[in-house]
Amino acid sequence: MTPSTTKRVWRDNFAELKKPLFREDARVESFRCLYCYDAPCVKACPTRIDIPRFIRQIATDDPLGAGETILEANALGHSCARVCPVEALCEGACVYRDKPVPIGRLQRWATDAVHATGELPFEPGADNGRRVAVVGAGPAGVACAVYLRRLGYAVTLFEKRELPGGLNTFGVAEYKMDSRTSLDELELLFQLGCSLVKGCEIGKDLRADAVLADFDAVFLGIGLARARRLDIPGENLTGVMNALTFIEKVKGRDAKLCGSSKATVVIGGGNTAIDACTHSKRTGARDVTLAYRRGPADMSAYDFEIALAKADGVSLLTNAAPVRVLGKSRVEGVEFAPTKVVAGEVVADAGRRFTLPCDRVIKAIGQETERSIPIQFGVAIDANGAVKVDAKTLRTSKTKVFAGGDAVNGGKEVVNAAADGKRAAWGIHRMLHPGAKPGPRNEYWVSTIEGRAVAPIVNPMGSWS
Ligand code: SF4
């Protein structure tokens, strides 16, 4: 592709899918809210944002107040407004079944207003003399760091990449949120005074036992760093890549990707597989096939994501298990065996193989925890490599180590990681300040340090009891 065509590809094919609201639209939409008692939209939000409250604030022309309400409950409310699958969460639960209140876009309207001021509406808490290490500056780690700073802890984040943000910066579909928006959000949050050590990998640049010795508590927000393998012949051929690596390259506007594939096969059935398909299509691949080894009903991708891929012209091949990647040094195709699901298990018919020619294969069959990190910290993991935690406090098997986000839940949404980070911050605070009590209302927890109330923070669990 010529440079001007490439420029057009980035501009047109990766423009934001959901445009921001104008001021009047935001107010008109906010007037539709019924401010429901026991609002189902709030229950559907893992961080329990007080949605009717922030919508009422927008209706009364107080976008900054609305932004504060959002960021109070969800430190990553700015990015969640863009990347949350609202159709399956808050908007999916709205009492207006046919045309829900556009909660995500209203949330964006409010947090954009906060960002336009360049100032976070919160202060760090008074120094309480305790230090916490956060390993991994992805959504869970950043959320944990923000709430700990607000409670007066000195927080140091250790991030192995040169930029923070994890999946928010490197792995979100480009038409939902670009890397710059993620980094801007972090810049604002880090105004609270978090120290960020970049390019620092546990076990290579820093020993886990040194972290344990130096800090009063540790939070592991290490995500899922290792891509699963297909374990079939031909997997190492040129042209076979992991979905997140591919999406990261697209987000980095790697011009070599544009027009680099005529036919791509994406293997997987989740939302990342869908992103890999749409990004392939939008960077110029003529034929893109999503191949999944079970039936369509078993795909974990959301229906609206599958619809987007279909609208982009992606073909769906279900009940097909990859057996072999074909080619001498480069990918030339994938050999599949048809499958049936018997008693929940996939059974491939090895005698009836068929081939799909292609020049690129993208693997989107999931990620797993880099097991070496929890092992170095001496915390227990389950058979799948997920870090085991106490569900309420997110404390691991090691007293002063907590964990949350994808490394614990196996890979959920950014908002789940943000909720975990907040919950773990409380877990750490309650461990280091055993006298801390829930607030006067069960759904809030007003922390008290030396008898002084620190900012009340919404409890995502709704109750301590
Ligand atoms: Fe408003 Fe819908 Fe939530 Fe009710 S469910 S409070 S109408 S956004």
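## Some thoughts on the site of the ligand
Turning to step 1, where the next piece is worked out: In the vicinity of the ligand, the contacting residues are Cys33, Leu34, Cys36, Ala39, Pro40, Cys41, Pro52, Cys94, Val95, Val101 and Ile103.
Turning to step 2, where the next piece is worked out: Across the shell around the ligand, the residue classes break down as 11 nonpolar, no polar and no charged.

## Description of helix H14 (residues 271-282)
Turning to step 1, where the next piece is worked out: For H14, spanning 12 residues, the distance from its first C-alpha to its last is 16 Å, which sits close to the expected 16 Å at 1.5 Å a residue.
Turning to step 2, where the next piece is worked out: Across the 12 residues that make up H14, a large majority, 10, are buried.
Turning to step 3, where the next piece is worked out: Where H14 is concerned, the buried positions are Ala273, Ile274, Asp275, Ala276, Cys277, Thr278, His279, Ser280, Lys281 and Arg282.
Turning to step 4, where the next piece is worked out: Buried residues belonging to H14 abut helix H1 (3-13), helix H13 (243-251), strand E7 (263-267), strand E8 (287-291), helix H15 (303-311) and strand E14 (360-363).

## Overview of the pairing of strand E2 (residues 154-158)
Turning to step 1, where the next piece is worked out: Counting buried positions along E2 gives 4 out of 5 residues, so the element sits mostly inside the fold.
Turning to step 2, where the next piece is worked out: Bridging between strand E1 (residues 131-135) and E2 involves 5 bridges; their strand directions are parallel. Each bridged residue has a counterpart across the sheet, and for Arg131 the counterpart in E2 is Ala154.
Turning to step 3, where the next piece is worked out: In this view, the connection linking E1 to its parallel neighbour E2 by way of helix H9 (residues 139-150) has right-handed handedness.
Turning to step 4, where the next piece is worked out: Inspection of the sheet shows E2 paired to strand E3 (residues 195-197) by 3 bridges, in the parallel sense. Bridging across to E3, Thr156 finds its partner in Ser195.

## Overview of the sheet that holds strand E9 (residues 315-317)
Across a sheet, strands are paired by hydrogen bonds formed along the backbone, either parallel or antiparallel in direction.
Turning to step 1, where the next piece is worked out: The 5 strands are arranged E6-E14-E7-E8-E9 in an open sheet whose pairing can be described as parallel. Two strands close off the open sheet at either side, each with one partner strand: strand E6 (240-242) and E9. Taking each pair of neighbouring strands and ignoring which way they run, the sheet shows an average axis angle of 25 degrees.
Turning to step 2, where the next piece is worked out: Taken strand by strand, H13 contacts E6 and E14, and its axis lies near 85 degrees from that of E6.
Turning to step 3, where the next piece is worked out: Sheet strands touched by H14: E7, E8 and E14. Its angle to E8, the strand with the most contacts, is close to 175 degrees.

## Looking at the domain arrangement of the chain
By convention, interface size is frequently given as the accessible area that disappears when the constituent parts associate.
Turning to step 1, where the next piece is worked out: If you check the domain split of the chain, you get domain 1 (13-117), domain 2 (131-225 + 368-440) and domain 3 (229-365).
Turning to step 2, where the next piece is worked out: Its C-alpha centre places domain 2 at a distance of 31 Å from the equivalent point of domain 3.
Turning to step 3, where the next piece is worked out: Opposite the 14 residues of domain 2 that make contact, domain 3 presents 13 residues.
Turning to step 4, where the next piece is worked out: Interface of domain 2 and domain 3: buried area, both sides summed, is about 1000 Å²; carbon and sulfur atoms make up 43% of it.
Turning to step 5, where the next piece is worked out: Three residues stand out in domain 2 for area buried against domain 3, namely Phe170, Glu174 and Tyr175, and they jointly supply 50% of the buried area on that side.
Turning to step 6, where the next piece is worked out: Here domain 2 and domain 3 share 4 salt bridges between them.
Turning to step 7, where the next piece is worked out: A salt bridge links Glu174 to Lys251; its shortest N-O distance comes to 3.0 Å.
Turning to step 8, where the next piece is worked out: Remark: the boundary between domain 2 and domain 3 carries 9 residue pairs in polar contact (both at pLDDT 80 or more).
Turning to step 9, where the next piece is worked out: Its residues assigned to classes, the side of domain 2 that touches domain 3 comprises 6 nonpolar, 3 polar and 5 charged.

Here is what the cut-offs are and how they apply
Residues numbered from 1 in each chain as written. Predicted model: local features only at pLDDT ≥ 70, side-chain atom pairs only at ≥ 80, totals over all residues. Heavy atoms only, no water. Near = heavy atom within 4 Å. Nonpolar A, V, L, I, M, F, W, Y, C, P; charged D, E, K, R; others polar. Helix = DSSP H or I, 4+ residues; strand = E, 2+ residues; numbered from the N terminus. Expected span 1.5 Å × (residues − 1). Buried < 20%, exposed > 50% of the residue type's maximum accessible area, 1.4 Å probe, protein only. Contact = heavy atoms within 4.5 Å. Pairing = 2+ DSSP bridges. Right-handed = clockwise from strand over helix to strand, strands pointing away. Axes fitted to C-alpha atoms, helices over the stretch in contact; angles between N-to-C directions. Domains from an automatic or database assignment. Buried area = accessible area lost by both parts, 1.4 Å probe. Salt bridge = Lys/Arg side-chain N within 4 Å of Asp/Glu carboxyl O. Polar contact = N/O pair within 3.5 Å; in protein donor to acceptor, adjacent residues only side chain to side chain.

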